[in-house]
Amino acid sequence: MRINSEGIPRDELLWALTQPELIRQSRRIDSCLLCRRPHVNEAALCDCCWATLDDEELRLATRWTMGIRP
């Protein structure tokens, strides 16, 4: 499911969270991976999309916020 046609498809989020260059680029332009909203965290996700993560996505995204790249 895509929230915004410019963001990555939701079913690709797990893959995206394992791609340091993609995360770095999204953070640099301050654009959420999924919806392209600004104000992203270290995992390149906005607060709205962070709240929708499932367990596996949350595990990978939390590693980014702890400074541990997957």
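## Observations regarding the overall build of the protein chain
Alright, step 1. Looking only at helices and strands, one finds 4 helices and 0 strands in the protein chain.
Alright, step 2. Secondary structure elements in the protein chain, listed N-terminal to C-terminal, are α-α-α-α.
Alright, step 3. The globule rule puts the C-alpha radius of gyration for 70 residues at 11 Å, and the 10 Å found for the protein chain is close to it.
Alright, step 4. Dimensions of the protein chain along its principal axes, counting C-alpha atoms only, are 30 × 25 × 20 Å.

## Concerning the nonpolar core
Alright, step 1. Among the nonpolar cores identified, the biggest contains 19 residues, and Leu13, Leu17, Cys32, Leu33, Leu34 and Leu45 are the most heavily contacted of them.
Alright, step 2. Contributions of two or more residues to this core are made by α1 (13–16) and α4 (55–65).
Alright, step 3. At 3 residues, α4 tops the list of elements feeding residues into this core.
Alright, step 4. If we ignore the near neighbours within four places in the chain, the residues touching leucine 17 are Ile23, Leu33, Ala43, Glu57, Leu60, Ala61, Trp64 and Pro70.

## Looking at the pattern of salt bridges
Alright, step 1. One pass over the full model with this rule turns up 3 salt bridges.
Alright, step 2. Between arginine 10 and glutamate 57 there is a salt bridge; the shortest N-O distance is 2.5 Å. Of the two residues, arginine 10 sits in the segment before α1 while glutamate 57 sits in helix α4, which places them 47 residues apart along the sequence.
Alright, step 3. Exposure remark for glutamate 57: the relative accessible area of 5% places this residue in the buried category.

## Notes on α4
Alright, step 1. Along α4, the residues classified as buried are Glu57, Leu60, Ala61 and Trp64. Looking down the long axis of α4, one finds its buried residues gathered within 95° of arc, a one-sided arrangement.
Alright, step 2. Taken together, the buried residues of α4 touch α1, α2 (20–28) and α3 (47–50).
Alright, step 3. Its side-chain oxygen at 3.2 Å from the backbone nitrogen of glutamate 56, aspartate 54 defines the N-terminal cap of α4.
Alright, step 4. Residue glycine 67 follows α4 closely and has a positive phi angle near 85°.

## Quick look at the environment of leucine 34
Alright, step 1. Turning to its location among the elements, leucine 34 is positioned in the loop between α2 and α3.
Alright, step 2. Look at leucine 34 and you get buried, because its relative accessible area is 3%.
Alright, step 3. Separated by 15 residues in the primary sequence, leucine 34 and cysteine 49 have C-alpha atoms spaced 7.0 Å apart.

What counts and how
Residues numbered from 1 in each chain as written. Predicted model: local features only at pLDDT ≥ 70, side-chain atom pairs only at ≥ 80, totals over all residues. Heavy atoms only, no water. Helix = DSSP H or I, 4+ residues; strand = E, 2+ residues; numbered from the N terminus. Rg over C-alpha atoms; globule rule 2.2 N^0.38 Å. Core = buried A, V, L, I, M, F, W, Y, C linked by side-chain atoms within 4.5 Å. Buried < 20%, exposed > 50% of the residue type's maximum accessible area, 1.4 Å probe, protein only. Contact = heavy atoms within 4.5 Å. Salt bridge = Lys/Arg side-chain N within 4 Å of Asp/Glu carboxyl O. Arc of directions from axis to C-beta. Polar contact = N/O pair within 3.5 Å; in protein donor to acceptor, adjacent residues only side chain to side chain.

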